[in-house]
Amino acid sequence: MRRILANPYAPAFALAVVVVMVPLLVPSPFYLRLATLVFINALVVVGLNLLMGYAGQISLGHAAFFAMGAYASAIGPAHLGLPTLASMLAGIVLTGVVAYGVGKPILRFKGYHLAVATLGLGVIVSIVITNEIAWTGGPDGMQVARLWIGSWRVSGVANWYWVAGITLIVAMLGAANLLSSPTGRALRAIHDSEVAAGVLGIDVARYKLLVFVISAIYAATAGAFLALFDGHVTPVTGGILRSIEFVAMAVLGGLGSILGSVLGAAVLVVLPQALTSFHEFEHAILGAILMVLMIALRRGVIPSLQSWLLRGAA
Amino acid sequence: MKPIRALVCAVLMAPGLATAARSEILIGSVLSTTGPASFLGEPEKQTLEVYAKRINDAGGVNGEKIRLIIYDDGSDASNSRTFATRLVEQDQVVAVVGGTGTGNSLAMIPVFEEAGIPFVSLSGGVDIIDPVRKWVFKPPHTDRMACAKIFTDLKQRGLTNAAFIAGQGGYAKSMVTQCRSVAGQYGIKILAEESYGPRDSDMTAQLTRIKALPGLKAVINADIGQGPAIVTRNAAQINLGMPLYQSHGAATQGYLELAGPAAEGVRLPGPSLLVAEQLPDSDPQKKVLLDYTAVIEKATGKPVGTFGGYAHDGLLLLVDAMKRAGSADPAKVRDQLEKTKGYVATVGIITMSPTDHLGIDLSAFRMLEVKRGKWAVVD
Amino acid sequence: MATALQILFSGLTVGAIYALVAIGFTLVYSSSEVVNFAQGEFVMLGGMISATAVAAGLAPLPAASLAIVATVVTGILLYGLAVAPARDASPIVVIIITIGASIFIRGLASVGMGKEFHTLPPLLATPTLDLGGASVQTQGLVVMAGSVAIVLTLWLFLRMTKLGRGIRATAANRLAAQLAGINPRVIVGLTFAISALIGALGGILITPITLTSFDVGTLLAVKGFAAAVLGGLTHPAGPVLGGLMIGLLEAVGAGYISSQYKDVFAFVVLLGVLFLRPQGILGGRAVERV
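Residues numbered from 1 in each chain as written. Chains lettered and ligands numbered in written order. Predicted model: local features only at pLDDT ≥ 70, side-chain atom pairs only at ≥ 80, totals over all residues.

1. Quick look at the overall build of chain A
So, point 1. Secondary structure assignment for chain A yields 15 helices and four strands.
So, point 2. Compactness check: chain A gives a C-alpha radius of gyration of 19 Å against a globular reference of 20 Å for 314 residues, within 12% of the reference.
So, point 3. Viewed in the frame of its principal axes, chain A has a C-alpha envelope of about 55 × 50 × 40 Å.
So, point 4. Looking at chain A as a whole, 58% of its 314 residues are labelled buried. (Helix = DSSP H or I, 4+ residues; strand = E, 2+ residues; numbered from the N terminus. Rg over C-alpha atoms; globule rule 2.2 N^0.38 Å. Buried ≥ 20, exposed ≤ 12 C-beta atoms within 10 Å, placed from the backbone.)

Written out as structure tokens, the structure is:
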């Protein structure tokens, strides 16, 4: 038991099983759409968790990167005549570059200052998207051209389910790989104490920046997927509330737990769907569940369950 | 562990709740009853619920009861799309009326087009029905029509230099964009376009800047929610000194109450709904408008507004088409929607055709002016 | 000149509103290092309950008192039922709990009090005042005076009363305070109650200008949070300074640069200031990591 729980690659394999099983179990394509949205959100949250759970840096602006990936995939084909695949990839790379440029100065901030700085980043991106109507269509958003990979037209729930699911598995393997490398150990040292890590000769700024860029790239990829999957993108994609939702997913699932990120995303994507039968009480109940879960499992769902299981096994 | 178990139960139960009884006609709806567009979505939802009940109390449609399934997209277009999928795949509705914001409607359209389900949109954007899409119809006025109405009035009053002050939501931005595209046709020059954020509480800085423009004759405010009331008060506060126009987004009783005496003299293009009592008895719309007003005021205790009227028209257009089709079969209903002719609705008199899925013209709007705290017809 | 003055007053009015929201953040923060994201809902409850009560026929003063009492009770319940049970959780977890609480409170408010916009009559009979060619809403002056008065009262309370000294002691060193016989749970609970009181009072004062609805709290909380951090989370006057600065920056941005990008302008300057003064303008000690 202990060994399975400790294996860094276990979550990715667990998810792989789920990804294969879900299509066999669900009664309608609607559930595949939900699952796809879970994968897309989880992709962002896995990246964010590297930043928050391992490097100990908060971000209230990850929806900005999410939106940059989304809008790059939309704007390239619509305004620049680029193929969708090329715009998507260019958008992801560009977001990484922006994260590098922005991260250098703002990662000098700590705690609530970093929260406000990243919040500012989110606000700025969201305002640009809303106002540059000629490029983005403004608040009503813009259509997104279909994605072609060679002669494969990636459209419809069935296709995107697999694309998002497999990408998420790869991303989780990537995260696990990073964490079991020396970089991962350096990150944990930074999380425990930046000063101590610095004394040990760890280049704190460089590692923080590295994780920030990786998490931005994860977010941009997810954003691109959402835009291409929906075929339409609006500025809500990059709003402050979306950023806060990502953070809530990461904390709910458990900071420092890759599997927790997926679970946190799943809970907050599926819950609103499950609560529609409560009509106007939907939001109150959502808030109440979020509170109760956090109070009961205050280290996040997965870490709390893990320690409970380990206690049971020991 | 209790909350988790409850959660799992809730998730598993969700699909069970949505199964339809055989003798019901399922009509779906996705509205923005929370988020920035809730100002529009909430009256739409109330109207749909009140009228679905009335229709059923009167015996339903073709002998069957209708059942509404309404989802709240929280003003997020990606959520709209998820709920659209749910309506089609899970709930298996035969028709959809909804889509509060233009972006929300546009995100849902492909789902309904692919599934072959008639969709009556409640959003303002002209992009929804231009170009014409096979399964998509919309009763509301377009923003462009509101622009045309304002510009015609400006021209008649010789106020050809105007400036915009607008919010940053979909309604406001779409209106400004469409107004800009037709301003030239009416000989109107747009000298400036100022903007304010979603929850801004003071727009005097923007209005001061506008006021200083040389040669400016009128100011147009495009927005919904609390923005128009604050702009109106701020304009009075700094003594703007030129006519202020609002859009149909401010055509509600709430606007008059929030803006108070500052609204005196403000003009806007509004639906006949707001001035139903002042219409001559010969007006074909008068009865429909008064009926709708009476029904909603009795059921909700709240005054009627433009957006609730859209929902009324959307639902009744669908029901009318179902009755003429003699069935709720999506394809037949769609065909009959397209053959709607001379249907008296709150927005105007609707006549659809294969090349026109909007079906109303500029005469659906009236230029209104606030006089002594009430709406008065100017033309 | 009149134009510049008008823009200045616009900035001060908006700034005072942000300041009023921001003050509520600092108290809870200094006693528990948690930013209470439900602070915006306190502001909402103050305005909404008053407006609903007035609409139901109550006179403004009893309506406002009712709103304040109800909001303070909400604040105490929030602490007792949601924050206190998670006492050994990390600050970020408590923040998520307060976010859950704000979704919960907002959801209930929308059911109980509807989704329409409401307003309250301004405090003074003359709605506007002419000052040097610029026209000012008297309620804006009321809000400014209100935030200064609240900060002064708070300062006196923290300095002069036993409870206030208890809060300060807990903020400075929780363990030492505990050893000195101060119960930190009572103290933190008290800061939630006072923050709710400040929030409700703020909500009532700003509603004649901002108007109110069930979802007014979210964006106000975001701006208020930024203002509190900018001014310094640990200094009582910090939020007022931070709020006024953001308000002025937005007004100058809207009046002279671009009204579409005024928030961008404000945030860029804000970040610049934080670079120069990482502890906030008035902040003393370094801020803990989240």
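Once the structure has been displayed, the description carries forward.
2. Section: the overall build of chain C
So, point 1. A count of helices and strands for chain C gives 11 helices and two strands.
So, point 2. In terms of overall dimensions, chain C is globule-like: its C-alpha atoms have a radius of gyration of 19 Å, near the 19 Å expected for 290 residues.
So, point 3. Once the C-alpha set of chain C is aligned to its principal axes, its extents read approximately 60 × 50 × 35 Å.
So, point 4. Classification of the 290 residues of chain C by burial places 62% in the buried group.

3. Quick look at the interface of chain B and chain A
So, point 1. Taken residue by residue, the interface counts 32 residues in chain B and 31 residues in chain A.
So, point 2. Among the elements that line the side of chain B that touches chain A, the one with the most residues is helix α3 (residues 77-91) of chain B, at eight residues. (Contact = placed C-beta atoms within 7 Å.)

4. Structural notes on the interface of chain A and chain C
So, point 1. At the interface, 33 residues of chain A touch 36 residues of chain C.
So, point 2. The set of elements that each furnish at least two residues to the side of chain A that touches chain C consists of α6 (111-131), α12 (240-253) and α14 (282-296) of chain A.
So, point 3. When residues of the side of chain A that touches chain C are assigned to their parent elements, the largest contribution, 12 residues, is made by α6 of chain A.
So, point 4. In terms of residue class, the side of chain A that touches chain C is built from 23 nonpolar, seven polar and three charged. (Nonpolar A, V, L, I, M, F, W, Y, C, P; charged D, E, K, R; others polar.)

5. Considering the environment of Ile95 of chain C
So, point 1. In this structure, Ile95 of chain C sits in helix α4 (residues 91-113).
So, point 2. Once the C-alpha coordinates of Ile95 of chain C and Phe25 of chain C are considered, the two residues, 70 residues apart in sequence, prove to be 12 Å apart.

6. Looking at the packing of helix α2 (residues 38-57) of chain B against helix α10 (residues 286-300) of chain B
All names here are of chain B.
So, point 1. Two numbers describe how α2 lies on α10: the axes approach to 11 Å, and their chain directions differ by 100 degrees. Here α2 lies roughly perpendicular to α10, going by the angle between them. In contact with Gln46, Thr47, Val50 and Arg54 of α2, α10 contributes Val295, Ile296, Ala299 and Thr300.
So, point 2. Class assignment of the residues belonging to the contact of α2 with α10 gives a composition of four nonpolar, three polar and one charged. (Axes fitted to C-alpha atoms, helices over the stretch in contact; angles between N-to-C directions. Parallel < 35°, antiparallel > 145°, perpendicular 65-115°, else oblique.)

7. Notes on the UniProt feature "transmembrane region" (unreviewed entry) in chain C
Residue and element names in this part refer to chain C.
So, point 1. The UniProt entry lists residues 6-30, 65-84, 91-114, 134-158, 186-210, 240-258 and 264-284 under the feature "transmembrane region" (unreviewed entry), expressed in the numbering used here.
So, point 2. For residues 91-114, the end-to-end C-alpha separation is 33 Å, with 96% helix and 0% strand making up the annotated structure.
So, point 3. In the segment residues 186-210, helix accounts for 100% and strand for 0%; the C-alpha atoms at its two ends are 34 Å apart. (UniProt positions renumbered as here; feature names shortened; annotations may be inferred.)

8. Description of the sheet that holds strand β4 (residues 119-121) of chain B
All names here are of chain B.
So, point 1. Strand order in the open sheet made by the five strands is β2-β1-β3-β4-β5, with parallel pairing throughout. Sheet topology places β2 (65-72) and β5 (136-137) at the edges, where each strand pairs with a single neighbour.
So, point 2. In terms of strand pairing, strand β1 (residues 24-31) meets β2 through eight bridges, oriented parallel. The residue of β2 that forms the bridge with Ile27 is Leu68. (Pairing = 2+ DSSP bridges.)

9. Some points on the UniProt feature "transmembrane region" (unreviewed entry) in chain A
Residue and element names in this part refer to chain A.
So, point 1. UniProt records the feature "transmembrane region" (unreviewed entry) at residues 9-26, 32-51, 82-102, 114-138, 158-179, 209-229, 249-271 and 283-301, using the numbering of this structure.
So, point 2. For residues 114-138, helix accounts for 88% and strand for 0%, while the C-alpha atoms at its two ends are 28 Å apart.
So, point 3. In residues 249-271, the share of helix is 83% and the share of strand is 0%. The end C-alpha atoms are 12 Å apart.

10. Focus on the nonpolar core
So, point 1. Core analysis: the largest hydrophobic core is formed by 220 residues, its most contacted members being Leu43, Ala248 and Leu252 of chain A together with Ile96, Ile97, Ala200 and Ala226 of chain C.
So, point 2. Broken down by element, the residue count for this core peaks at 19 residues, all from helix α3 (residues 29-54) of chain A.
So, point 3. The residues touching Leu252 of chain A, leaving out its near neighbours within four places in the chain, are Gly264, Val267, Leu268, Leu293, Met294, Gly300 and Val301 of chain A together with Ile96 of chain C.
So, point 4. Core analysis: the second largest hydrophobic core is formed by 124 residues, Phe112, Ala163, Ala235 and Val288 of chain B among them. (Core = buried A, V, L, I, M, F, W, Y, C linked by C-beta atoms within 7 Å.)

11. Quick notes on unusual backbone geometry
So, point 1. Cis geometry marks the peptide bond from Asp130 of chain B to Pro131 of chain B; its omega dihedral reads 5 degrees.
So, point 2. Along the chain, Pro131 of chain B falls in the loop between β4 and β5.
So, point 3. Phi at Asn239 of chain B is positive, roughly 55 degrees, even though this residue is not glycine.
So, point 4. You can see Asn239 of chain B is positioned in the loop between α8 (227-237) and β9 (244-246).
So, point 5. What makes Asn239 of chain B exposed here is the crowd of 10 C-beta atoms within 10 Å.
So, point 6. The phi dihedral of Glu33 of chain C is positive, around 60 degrees, even though this residue is not glycine.
So, point 7. With respect to the helices and strands, Glu33 of chain C occurs in the loop between α1 (2-32) and α2 (39-55).

12. Looking at α3 of chain A
So, point 1. The first and last C-alpha atoms of α3 of chain A sit 36 Å apart over 26 residues, in line with the 38 Å expected at 1.5 Å per residue.
So, point 2. The largest bend in α3 of chain A amounts to roughly 30 degrees and is located at Leu48 of chain A. (Expected span 1.5 Å × (residues − 1). Bend = angle between axes of the 7 residues up to and from the residue.)

13. Concerning the packing of α1 of chain C against helix α10 (residues 238-257) of chain C
So, point 1. At a closest axis distance of 6 Å, the pairing of α1 of chain C and α10 of chain C adopts a crossing angle of 145 degrees. When the axes of α1 of chain C and α10 of chain C are compared, the crossing they make is right-handed. (Left-handed = near helix turned anticlockwise from the far one by under 90°.)

14. A short note on the confidence of the model for chain C
All names here are of chain C.
So, point 1. Averaged over every residue, the pLDDT of chain C is 90; the share at 70 or more is 97%.
So, point 2. Within chain C, the lowest mean pLDDT, 84, falls on helix α7 (residues 174-179), and the highest, 97, falls on α2.
So, point 3. Contacts of residues 286-290 to residues separated by more than four positions or lying in other chains number 18 contacts, the stretch itself having pLDDT below 50.
So, point 4. Reported confidences for the modelled complex are a pTM of 0.93 and an ipTM of 0.91. (pLDDT = per-residue confidence, 0-100.)

15. Some points on the environment of Ile244 of chain A
So, point 1. Note that Ile244 of chain A resides in helix α12.
So, point 2. Distance from Ile244 of chain A to Leu119 of chain A, taken between C-alpha atoms, is 9.3 Å for residues 125 residues apart in sequence.
So, point 3. In this structure Ile244 of chain A touches Leu60 of chain A together with Ile99 of chain C, once residues within four positions along its chain are discounted.

16. Structural notes on the confidence of the model for chain A
When pLDDT drops low, the exact placement of atoms in the prediction is not to be read closely.
So, point 1. Summary statistics for chain A give a mean pLDDT of 92 and a share of 97% for residues scoring 70 or more.
So, point 2. When the elements of chain A are averaged for pLDDT, helix α1 (residues 2-6) of chain A gives the smallest value, 67, and helix α4 (residues 62-80) of chain A the largest, 97.

17. Here we look at α4 of chain A
Residue and element names in this part refer to chain A.
So, point 1. Relative to the 27 Å expected for 19 residues at 1.5 Å per residue, α4 spans 26 Å between its end C-alpha atoms, a close match to the ideal helical length.
So, point 2. Within α4, the axis deviates most sharply at Ala74, by approximately 25 degrees, and proline Pro77 lies no more than four positions further along.
So, point 3. One or two residues past the end of α4 sits Gly81, with phi positive at roughly 70 degrees.

18. With respect to the pairing of strand β13 (residues 365-371) of chain B
Successive side chains on a regular strand alternate, one facing one side of the sheet and the next facing the other.
Residue and element names in this part refer to chain B.
So, point 1. The buried fraction of β13 is high, at five of seven residues.
So, point 2. Bridge count between strand β10 (residues 267-271) and β13: five bridges; the pairing is antiparallel. Looking across to β13, one finds that Pro271 is bridged to Phe365.
So, point 3. As consecutive antiparallel partners, β13 and strand β14 (residues 374-377) are separated by two residues, and within that stretch Arg372 has a phi angle of approximately 50 degrees, a positive value.

19. Observations concerning the pairing of strand β2 (residues 134-137) of chain C
Residue and element names in this part refer to chain C.
So, point 1. Covered by surrounding structure in β2 are Ala134 and Val136 together with Ser135 and Gln137, the residues of both alternating faces.
So, point 2. In terms of strand pairing, strand β1 (residues 128-131) meets β2 through four bridges, oriented antiparallel. Residue pairing across strands places Thr128 opposite Gln137, the latter belonging to β2.
So, point 3. Between β1 and β2, which pair antiparallel one after the other, the connecting turn spans two residues, and Gly132 there sits at a positive phi close to 60 degrees.

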